[in-house]
2 protein chains.
Amino acid sequence: MATMTDVARRAGVSVSTVSYVLTGTRPISEATRDRVLAAMAELDYQPNAMARGLASRKSNIVGLLLPLTGRGLGATETAFVTGATEAAREAGYHLMLCPVGAADSDELQSLATQRLLDGFLVMEVQLTDRRVELLQKLESPFVLIGRTEDGAGLACVDIDFEQTVDDAVAHLVELGHETIAYINHSPASLASGYGPAKRTEAAFQAALERHGITGVMVPTEDTATGGRAAIQRAREERPALTGVLVMNENAALGILAELREAGLDVPGDVSVVSMVTSEVVADLASPALTAMTSPGAALGAAATRVLLKRLAEDDGSTYQELLPCALEVRGTSGRAKKGKAARSARAERQ
Amino acid sequence: MATMTDVARRAGVSVSTVSYVLTGTRPISEATRDRVLAAMAELDYQPNAMARGLASRKSNIVGLLLPLTGRGLGATETAFVTGATEAAREAGYHLMLCPVGAADSDELQSLATQRLLDGFLVMEVQLTDRRVELLQKLESPFVLIGRTEDGAGLACVDIDFEQTVDDAVAHLVELGHETIAYINHSPASLASGYGPAKRTEAAFQAALERHGITGVMVPTEDTATGGRAAIQRAREERPALTGVLVMNENAALGILAELREAGLDVPGDVSVVSMVTSEVVADLASPALTAMTSPGAALGAAATRVLLKRLAEDDGSTYQELLPCALEVRGTSGRAKKGKAARSARAERQ
DNA sequence: ATGAAAGCGCTAACAT
DNA sequence: ATGTTAGCGCTTTCAT
């Protein structure tokens, strides 16, 4: 394993010269640079990452904090991870997976204090998240994926849930739907103050009022079974409903199955729009789900870029970037059946 | 940020003593150990990972090599990653995500030469994989997930595809199925010599012969659409078929939809067994998929443990660990309809 | 059982 | 434009 000293000797220069052609932090004459580069090539030289890190106080590694509990990652989270990894690599950085949830803050404490990582990407951010306070205290650069309750002064990148709900509702309204159900995350998520669940709930209510239509919100588990139960409840509460907005892609498939078995046609009788959905899962359904495609990879890349920018510029400014999910009309949304809706509405009134 | 020198001073000992209480590589009297530990606690001391790495020539980081191209990771791969990450953390190691496919070997070359990583986990191994040769040449410890053509002398952990196919076919045979289709990965995968595709193909043929039943193999894309096309072709070629084995979970959902639309009941008319499937996706289907559940997380953990063991013991021995997928009977498999199969079989003969 | 000191392979002043 | 050298914070001989 050749070291910098070997390269210097071979090129007939000092180690610092070699170091400077590597880092580019001071001018080197064309001639010597060439000699050094040649020597490196001949020796298959690669700088030792540890030595470089120790001397420069930077590792060129960023940590991705994510809770690794239970069911594992969904498609959106996975896309986020890969997006972040790619973006880091393109900038010459590495990405380390750190299984650190909102709970285990001593893990994070030691991680951050070890100086192994230059900064952190924080996934699955809770509305009040101890990791955030800790990182602030330790003065570790970080970027949130998601938002805390009080996002003031923090750098974060997130899905624009408000916009996404607005777009989804608008799509249904344009198709003539006047009674819409919103199948949200679980009651537990809502109770724990999970940001996406809370934000979409509020946005849904606001959208209903703005459009002057009626709706119902049913929280449920993020599974097909959860979706089945939720759509049943929603139809009991609002027999007139012709449109369904669903937060979770797993639940969305359950909803489709339940409607089919109830003898209802999608999108003939009921339209279903799935929020924050990956293309793979959308295409899994039959018909393929009309969905708000989550910008997973783009989010990951954006978060990484923001983090690297602050690392480079020592930029402490607040930075927010919100990416909406893009409406992708596939096979589960269509014009509302006026007749049926009216009939059911009449029945409901009695 | 307290350093080891600070701790030593505070505890009234030398730095080497502090180092030894940390590494435990030489006996320390109870009394001084306590003093050192106390000093560490008071100072919130955490060893500097870079310095430690430079001096000890080990980073306590393992790299996970995985191609990050295109569609992103499936549920099984994701489970693998999380399993590996968890296992590493439990052993005091970190895991770095390295987007390095079978193609980009210079990336790997420099990665391995930088001495940032103590060893490698190699995912998505091709039957002939340049990364393997390279790692061997560079004498970097590594463990494969999957197998190369000639696995002699290599440490690897993989799904036991042969056993999995055997179990799946046996399940169908027990239910009375006598004509079975195997929907494999894409023709391109087969052509490129992708291990799982080749192995399962061979195992399927062998199982057919052993049970004395007939079958047909149709390769197809790993999508719902691909599954639809494949089941159509399979039924054209073997109208009598009552059992379907499918390699890819996405295709499996397409198959269910296509059969339903063709007026066939699952599992009444046709049984479907999905191989190497994640529980989440299995539960997404209606009815839920009878499937061979892929041991994703277990594989990741096993691979990590094997790697860490060789790191610890400088163990160069060949090691193979094959984990079968476990049969999980859900809603898509049932007894074969003798009558219908016989009728179709007769029709076919004419 | 403990200490002193020589590196590990780099970076970044400080020189010239 | 280049060279000299003092660290970076640890591990690990070599002493005692």
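Per an unreviewed UniProt entry, the recorded name for chain A is DNA-binding LacI/PurR family transcriptional regulator, and the organism is Kribbella orskensis.

Novice: Got a sec to walk through the protein's contact with DNA strand C? Specific residues and values, please.
Specialist: The immediate surroundings of DNA strand C are formed by 28 residues, with Met4(A), Ser19(A), Tyr45(A), Thr17(B) and Arg26(B) found nearest. When atoms of DNA strand C within 4 Å of the protein are split into backbone and base, the sugar-phosphate part holds 55%. Tyr20(A) places a side-chain nitrogen or oxygen 3.2 Å from a base nitrogen of DNA strand C. Take Arg26(B): an N or O atom from its side chain is 2.6 Å from a base oxygen of DNA strand C. For the surface near DNA strand C, the secondary-structure elements that each account for two or more residues are α2 (15-23) and α4 (49-56) of chain A together with α2 (15-23) and α4 (49-56) of chain B. A class-by-class count of the residues in the surface near DNA strand C yields 11 nonpolar, 13 polar and 4 charged.

Novice: For the pattern of salt bridges, give the residues involved together with the corresponding values.
Specialist: Summed over all chains, the structure comprises 24 salt bridges over all chains. A salt bridge links Asp129(A) to Arg131(A), with the nearest nitrogen and oxygen atoms 2.9 Å apart. Arg131(A) carries the same exposure label as Asp129(A), and that label is buried. Here Asp158(B) and Arg147(B) are joined by a salt bridge, their closest N and O atoms 2.9 Å apart. Remark: Arg147(B) occurs in the loop between β4 (142-145) and β5 (155-159) and Asp158(B) occurs in strand β5; sequence separation between them is 11 residues. Each member of the pair, Asp158(B) as well as Arg147(B), is classed as buried.

Novice: Report on the UniProt feature "domain: HTH lacI-type" (unreviewed entry) in chain A, specifying residues and quantitative values.
Specialist: Summarizing the sequence annotation, UniProt attributes the feature "domain: HTH lacI-type" (unreviewed entry) to residues 2-56 of chain A in the numbering used throughout. With 71% helix and 0% strand, the stretch residues 2-56 of chain A has end C-alpha atoms that lie 20 Å from each other.

Novice: Help me get a handle on the pairing of strand β5 (residues 155-159) of chain A, residues and values and all.
Specialist: For a regular strand, side-chain orientation follows a simple rule: the groups alternate between the two sheet faces. Residues and elements named next belong to chain A. Among the 5 residues of β5, 5 are classified as buried, and the element is accordingly described as predominantly covered. Burial along β5 is two-sided: the residues Ala-155, Val-157 and Ile-159 and Cys-156 and Asp-158 are all buried. Of the strand pairs in this sheet, strand β4 (residues 142-145) and β5 are connected by 2 bridges, and their pairing is parallel. When the sheet's bridge partners are listed, Ile-145 is paired in β5 with Val-157. In the sheet, β5 pairs with strand β11 (residues 319-323) via 5 bridges, with the strands oriented parallel. If you follow Ile-159 over to β11, its bridge partner there is Leu-323.

Novice: Could you give an account of helix α12 (residues 249-261) of chain A, with specific residues and numbers?
Specialist: Residues and elements named next belong to chain A. With 13 residues, α12 extends 19 Å between its outermost C-alpha atoms, agreeing within 8% with the 18 Å of an ideal straight helix rising 1.5 Å per residue. Among the 13 residues that make up α12, 11 are buried, leaving the element largely enclosed by the rest of the structure. Turning to α12, its buried residues number three or more, namely Glu-249, Asn-250, Ala-251, Ala-252, Leu-253, Gly-254, Ile-255, Leu-256, Ala-257, Glu-258 and Leu-259. A distance of 2.8 Å separates the backbone nitrogen of Asn-250 from a side-chain oxygen at the start of α12, and that oxygen is part of Asn-248. Trailing α12 by a residue or two, Gly-263 shows a phi angle of about 80 degrees, which is positive.

Novice: Could you give an account of the protein's contact with DNA strand D, naming the residues involved and the relevant values?
Specialist: In the vicinity of DNA strand D there are 28 residues, among which Arg26(A), Ser29(A), Met4(B), Tyr20(B) and Tyr45(B) approach most closely. Met4(B) places a polar main-chain atom, nitrogen or oxygen, 2.4 Å from a phosphate oxygen of DNA strand D. Asn48(B) is positioned with one of its backbone polar atoms (N or O) 3.1 Å from a phosphate oxygen of DNA strand D. Elements with a minimum of two residues in the surface near DNA strand D: α2 and α4 of chain A together with α2 and α4 of chain B. Broken down by class, the residue content of the surface near DNA strand D amounts to 12 nonpolar, 12 polar and 4 charged.

Cut-offs and rules
- Residues numbered from 1 in each chain as written.
- Chains lettered and ligands numbered in written order.
- Predicted model: local features only at pLDDT ≥ 70, side-chain atom pairs only at ≥ 80, totals over all residues.
- Heavy atoms only, no water.
- Near = heavy atom within 4 Å.
- Polar contact = N/O pair within 3.5 Å; in protein donor to acceptor, adjacent residues only side chain to side chain.
- Helix = DSSP H or I, 4+ residues; strand = E, 2+ residues; numbered from the N terminus.
- Nonpolar A, V, L, I, M, F, W, Y, C, P; charged D, E, K, R; others polar.
- Salt bridge = Lys/Arg side-chain N within 4 Å of Asp/Glu carboxyl O.
- Buried < 20%, exposed > 50% of the residue type's maximum accessible area, 1.4 Å probe, protein only.
- UniProt positions renumbered as here; feature names shortened; annotations may be inferred.
- Pairing = 2+ DSSP bridges.
- Expected span 1.5 Å × (residues − 1).

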